Amino acid sequence: MDGEMRGIVEHLQKVRRINIPVYQRNYAWNTNNCNQLFNDLMTIIQRMNSNDLRSLDHFFGLVVVESSGKSEEEYVIDGQQRITTISLLFLAIQQKLNDSKINSVLMIDDTGELKLKLNPADSKAYQCLFDSTKTGINGSNIINNFEFFKSKIEGLNDLELKDLLKALNHLKIMLVNIGYGEDPQKIFESLNSTGIDLTEGDKIRNFILMNERMDEQQKCFKDFWQPIEQNANGQTTEFFKYYLTFNQTKAPTSQNLYWNFVSYYNTFVDKKNGTEDKELKQRLLEQLKEYSVAYRHILRADTGNSQINEILYRLGKLNKSVVNSFLMPLLYDYDVQQINAEEVIKILTTIEIYLARRSIVSAPTNSLSKTFGSMYREMMRLKKNATDSSLGEIVSYILLNKQGAASFPTDDEIKNQFQNGDFYNINPAFRTYLFERLENQDNVEKVSIYDEVEAKKYSVEHIMPQHLSQSWVKELGSNYDEIHDKYLHNIGNLTLTGYNSQYSNRSFKEKQTMEKGFKESHFRNLNALPVKADQWGEHQILQRMNQLTDVALKVWPLVKSDFQPFQNTKANELIFTGTEDQEFCRQIKGTKIRAYQFNDADMINVKTWIDMYLQIIQNLLDVDPVPIKNYAEFPRDKKEHPDYCYSLFTTDSTKFKEAFKLSNNLYTTIGLDNWCKFRSLEVLFDSYNISHDKLKIYLRD
């Protein structure tokens, strides 16, 4: 590997061909980046013309290339954004000056062949700029940035353009050539550890494609990566996050997604001693491509079944993307006909009801990632021993048995929230969803609420206004202050309207009869009472609140399930399903353990629950002591950490009344009830990426 400072123009003139490999992300610089570059060049010109004694050279960044083995031909590992942008600026200048000398930057000799070969996603747009008979691609950064540069130099005369060319010669890069045959993947990972702005999806793309031969890179890109990227609508980071979540039953952190995938990949393709099974890699890529189609269904609601698509569309409007880690494998199964449309509709309906009810009661969202990350595997595990039960019944059972932060809200909780909750100062996306469902739930002709709210043609309106006029004080009566404070943001006082918000302070009668007022409203359900009411006060608000509560319980009814999980009563065998599972918690309460089986190892006989607990912890320490030591070393004088295990491990034995020494300077407590033991194991399993169902328990008779 060698490096040197070099002018970027000098480098572009010297090299014969510059290839952007397919593993590189698409051209991403926008007009803001181009504007910054242009301003830097103007600063250089000012110094040139003012005899400024400071250096005219401007550092333009790092460019890392790999020799191809052919003379004067290279592949760009890092720096394609800079090289492509400079090429676009040179082309804009060339078209203005019509100077053939500039072609030495853009063309290979006199062949007319372009020197810069971009990846397939950008190549078409770039080539269009050199051929007036071709139409540009709308929305392409290539086209947008070229047009930006054209507009910037439009008013420059020939002398000013020549100054611009001189300034370009002062742009310096640190050129690093890693040499033919060196490992570009290691260089890439090292560069990214210093903070180069790539998404986790970009890094995974590089990882999958970079180590292949050039011909294999092209084939792999065309056959697999390009379809994945298109199906994911460019959201490859999110796609891989949901893919890994349902495969590992735990969501990887944003910072560790790339390394999490690398670990998963190496395990999948059985990579040992630096070698991988090509057939297994092919299978993985085919699987990723197939699951990307399922992800496309989530994003575009395009399954081919109108009922499924309607629910997927509404789930998208709920903005609860954590559910995608369950929806992806579910829709994959639907695509390969392992599950029929009727089952999918029932499952999606249950999920929508669960999420909507939780949003209504403002339930915390931090538990949803865990709930949906493991739910597909839990659903299939329960189905394995209950072939006569439908998957819809099983999903309802799973969600109904959640407890604590993940619990399924009851009818009483819904009624209480409609009676006392603030439905104005809530997430705007959910508020629109709420009103859309309350209005359209039984309409044959649906009102296009989402589009009209987005276009600002419809807005949420307080029937009794936020600021009371004298006419409203008179209408509400002597206790107007109390009524206003109590019911202003109540669901009974909120609706959708098409009239301008500047009229919102008018009297009720004016709101009722004005143009686009309640009597002309498209909203048959939402405005049924405001249309016919003679006045608006506490009685009408409560009446409408009760009506909308009844509608809500009809739209999002509490689901039921007759499913009963299979229990091996002969062996008294339990599978750990998590502490949110009420049935599991009930079964371990007041019982005695006979044996356990962990992580596919042999069954181990034990006398007590604490024996099992301590042995599993010791097993985890043998695998990797770091996660548990991190829990133990968390400063106790800081605010209590939200992760449960931070309170169960310590380096100071005096911190626990019943301390147990695990190793030197590492202690835990044995003064725990069964729920606490399993909650601790649950958190630890997540830290070690171990599925909960890897623990089987055998109870005493």
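Within any chain, residue numbers begin from 1 and follow the written order of that chain's sequence. pLDDT decides what is reported in this predicted model: residues at 70 or higher carry local features, side-chain atom pairs at 80 or more are listed and counted, and totals for whole chains, interfaces and linings draw on all residues regardless. Water and hydrogen atoms were dropped before computing side-chain values, which therefore reflect all heavy atoms in the structure.

A.B. asks: Could you clarify how one ought to interpret the pairing of strand S17 (residues 695–699) in this entry?
C.D. replies: In regular strands, side chains alternate between the two faces of the sheet. Whether a residue is buried, partly exposed or exposed follows from its accessible area with a 1.4 Å probe, protein chains only, as a fraction of its type maximum: under 20%, in between, or over 50%, in that order. Numbering of helices and strands starts at the N terminus; helices are DSSP runs of H or I of at least 4 residues and strands are runs of E of at least 2. In terms of residue burial, S17 counts as a mostly covered element, since 4 of its 5 residues are buried. Between any two strands, pairing holds if DSSP finds at least two bridges. Taken together, the 3 bridges between strand S11 (residues 573–575) and S17 define a ladder with antiparallel strand orientation. Bridge pairing in S17 links Ile575 to Lys696. Two strands pair when backbone bridges link them, and strand S12 (residues 593–598) and S17 are joined in this way by 5 bridges, in the antiparallel orientation. Across the sheet, residue Phe598 finds its bridge partner in S17, namely Leu695.

A.B. asks: Looking at this structure, I do not really get the pattern of salt bridges. What am I missing?
C.D. replies: Any two side chains of opposite charge can pair if their charged atoms end up close together. Each salt bridge in this description consists of a side-chain nitrogen of Lys or Arg and a carboxyl oxygen of Asp or Glu lying within 4 Å of one another. All told, the structure shown has 18 salt bridges when counted by the stated rule. One salt bridge connects Asp223 with Lys219, and the closest N-O pair in it is separated by 2.7 Å. Of the two residues, Asp223 and Lys219 both sit in helix H10 (residues 214–231), 4 residues apart, roughly one turn of that helix. Overall, Asp223 belongs to the partly exposed group, its relative accessible area being 25%. In this structure, the salt-bridge partner of Glu378 is Lys402, at a minimum N-O distance of 4.0 Å.

A.B. asks: Looking at this structure, I do not really get the packing of aromatic side chains. What am I missing?
C.D. replies: Within a pair of aromatic rings, the relevant descriptors are the distance that separates the centres and the angle that separates the planes. Within 6.5 Å between ring centres, the rings of Phe, Tyr and Trp (the latter by its six-membered ring) count as paired, and their orientation is classed by plane angle as stacked under 30 degrees, edge-to-face over 60, tilted in between. Taken as a whole and judged by the stated rule, the model has 38 aromatic pairs. Between Phe239 and Phe240, the aromatic rings sit 5.1 Å apart at their centres with planes inclined by 70 degrees, giving edge-to-face as the arrangement. Judged by relative accessible area, Phe240 falls into the buried class, the value being 0%. Centre to centre, the rings of Phe246 and Tyr376 are 6.5 Å apart; their planes meet at 70 degrees, and the pair counts as edge-to-face. Here Phe246, found in helix H11 (residues 236–248), pairs with Tyr376, found in helix H18 (residues 375–384); they are 130 residues apart in sequence, far enough to count as distant.

A.B. asks: It is not clear to me how the sheet that holds strand S13 (residues 604–605) should be interpreted in this structure. Could you clarify?
C.D. replies: On the basis of which strands lie adjacent, the open sheet formed by 4 strands has the order S11-S17-S12-S13 and antiparallel pairing. Edge positions in the sheet fall to S11 and S13, since each has one partner strand and no second. Residues count as neighbours in contact if any of their non-hydrogen atoms are within 4.5 Å of one another. The angle between two axes is taken between their N-to-C directions and runs from 0 to 180 degrees, where each axis is a line fitted to C-alpha atoms and a helix contributes only its stretch in contact. Taken strand by strand, helix H29 (residues 609–623) contacts S12, S13 and S17, and its axis lies near 15 degrees from that of S12.

A.B. asks: What should I look at first to understand helix H3 (residues 80–97) in this one?
C.D. replies: Because an α-helix completes one turn every 3.6 residues, residues spaced three or four positions apart along the sequence face the same direction. Multiplying 1.5 Å by the helix residue count minus one yields the expected span of that helix. A rise of 1.5 Å per residue sets the reference length of H3, with its 18 residues, at 26 Å; its end C-alpha atoms lie 25 Å apart and thus fit the reference within 8%. With 15 of 18 residues buried, H3 is to be regarded as a mostly interior element. One or two residues past the end of H3 sits Asn98, with phi positive at roughly 55 degrees.

A.B. asks: Whenever I open this one, H11 confuses me. Can you help?
C.D. replies: Between its first and last C-alpha atoms H11 spans 18 Å; for 13 residues at 1.5 Å apiece the expected length is 18 Å, and the two agree. Residues Thr236, Phe239, Phe240, Tyr242, Tyr243, Leu244, Thr245, Phe246 and Gln248 constitute the buried set of H11.

A.B. asks: Help me understand the environment of Asp411, please; the structure alone is not making it clear to me.
C.D. replies: Considering the arrangement of structural elements, one finds Asp411 in helix H20 (residues 411–420). Judged by relative accessible area, Asp411 falls into the partly exposed class, the value being 29%.

A.B. asks: Which parts of the structure should I look at to understand the sheet that holds strand S14 (residues 649–650)?
C.D. replies: Picture the strands of a sheet paired through backbone hydrogen bonds; they go either parallel or antiparallel. Spatially, the 3 strands line up as an open sheet ordered S14-S16-S15, and their pairing is antiparallel. The sheet terminates laterally at S14 and strand S15 (659–663), the two strands that pair on one side only. One ladder, built from 4 bridges, connects S15 with strand S16 (residues 666–669); its direction is antiparallel. Bridge assignment links Ser663 to a residue of S16, and that residue is Leu666. Each of S14, S15 and S16 touches H29; the most contacted strand, S15, lies at about 30 degrees to it.

A.B. asks: Before we go on, may I ask you to explain a negative patch on the surface in this structure?
C.D. replies: Together, Asp481, Glu482, Asp485 and Glu538 make up a region of like negative charge exposed at the surface. Tallying contributions element by element places helix H24 (residues 480–487) first for the negative patch, with 3 residues. With respect to the helices and strands, Asp481 occurs in helix H24. Taking relative accessible area as the criterion, Asp481 reaches 45% and is therefore assigned partly exposed. Surface patches are defined over residues having more than 30% relative accessible area and no salt bridge, joining like charges when they lie within 9 Å and nonpolar side chains (Val, Leu, Ile, Met, Phe, Trp, Tyr) when within 5 Å. To measure how exposed things are, a 1.4 Å probe is used in the Shrake-Rupley method; for residues, cover is taken only from the protein chains shown. When charges are counted, Lys and Arg contribute as positive and Asp and Glu as negative, whereas His and the chain ends are disregarded. The atoms used to mark charge sites are NZ of Lys, CZ of Arg, CG of Asp and CD of Glu.

A.B. asks: Just to check I follow, could you spell out unusual backbone geometry for this structure?
C.D. replies: If a residue is not glycine, its phi is most likely negative; likewise, a peptide bond is most likely trans. A positive phi angle, close to 55 degrees, is found at Asn233, a residue other than glycine. In this structure, Asn233 sits in the loop between H10 and H11. A positive phi angle, near 65 degrees, is found at Lys516, a position not held by glycine. Topologically, Lys516 is positioned in the loop between helix H25 (508–513) and helix H26 (528–532).

A.B. asks: Sorry, what's going on with the confidence of the model for the protein chain here?
C.D. replies: For any part of a model where pLDDT is low, the fine detail of the predicted coordinates should not be relied upon. Every residue is assigned a pLDDT by the predictor, reflecting its confidence on a scale from 0 to 100. When pLDDT is averaged along the protein chain, the result is 86; 90% of the residues meet or exceed 70. Considering only residues more than four positions removed or in separate chains, one finds that residues 637–642, a stretch of pLDDT under 50, has 3 contacts.

A.B. asks: Quick question: what am I supposed to make of the environment of Cys220 here?
C.D. replies: By the element assignment, Cys220 lies in helix H10. Taking the C-alpha atoms as reference, Cys220 lies 8.7 Å from Leu285; in sequence the two are 65 residues apart. For Cys220, the residues in contact, after removing those within four places along its chain, are Ile208, Leu209, Trp225 and Leu285.

A.B. asks: For this particular structure, what's the right way to read the packing of H20 against helix H27 (residues 538–555)?
C.D. replies: For any two helices packed against each other, one specifies the inter-axial angle together with the distance between the axes. Relative to each other, H20 and H27 sit at 145 degrees, their axes nearing to 10 Å. The handedness of the crossing between H20 and H27 comes out as right-handed. Within the contact between the two elements, H20 uses Asp411, Ile414, Lys415, Phe418 and Gln419 and H27 uses Met545, Leu548, Thr549, Ala552 and Leu553. By residue class, the composition of the contact of H20 with H27 is 6 nonpolar, 2 polar and 2 charged. Left-handed is the label given to a crossing in which the near helix is rotated counterclockwise from the far helix by less than a right angle, and right-handed is the label when the rotation is clockwise. Lys, Arg, Asp and Glu make up the charged group, whereas Ala, Val, Leu, Ile, Met, Phe, Trp, Tyr, Cys and Pro make up the nonpolar group; the residues left over, Gly among them, are polar.

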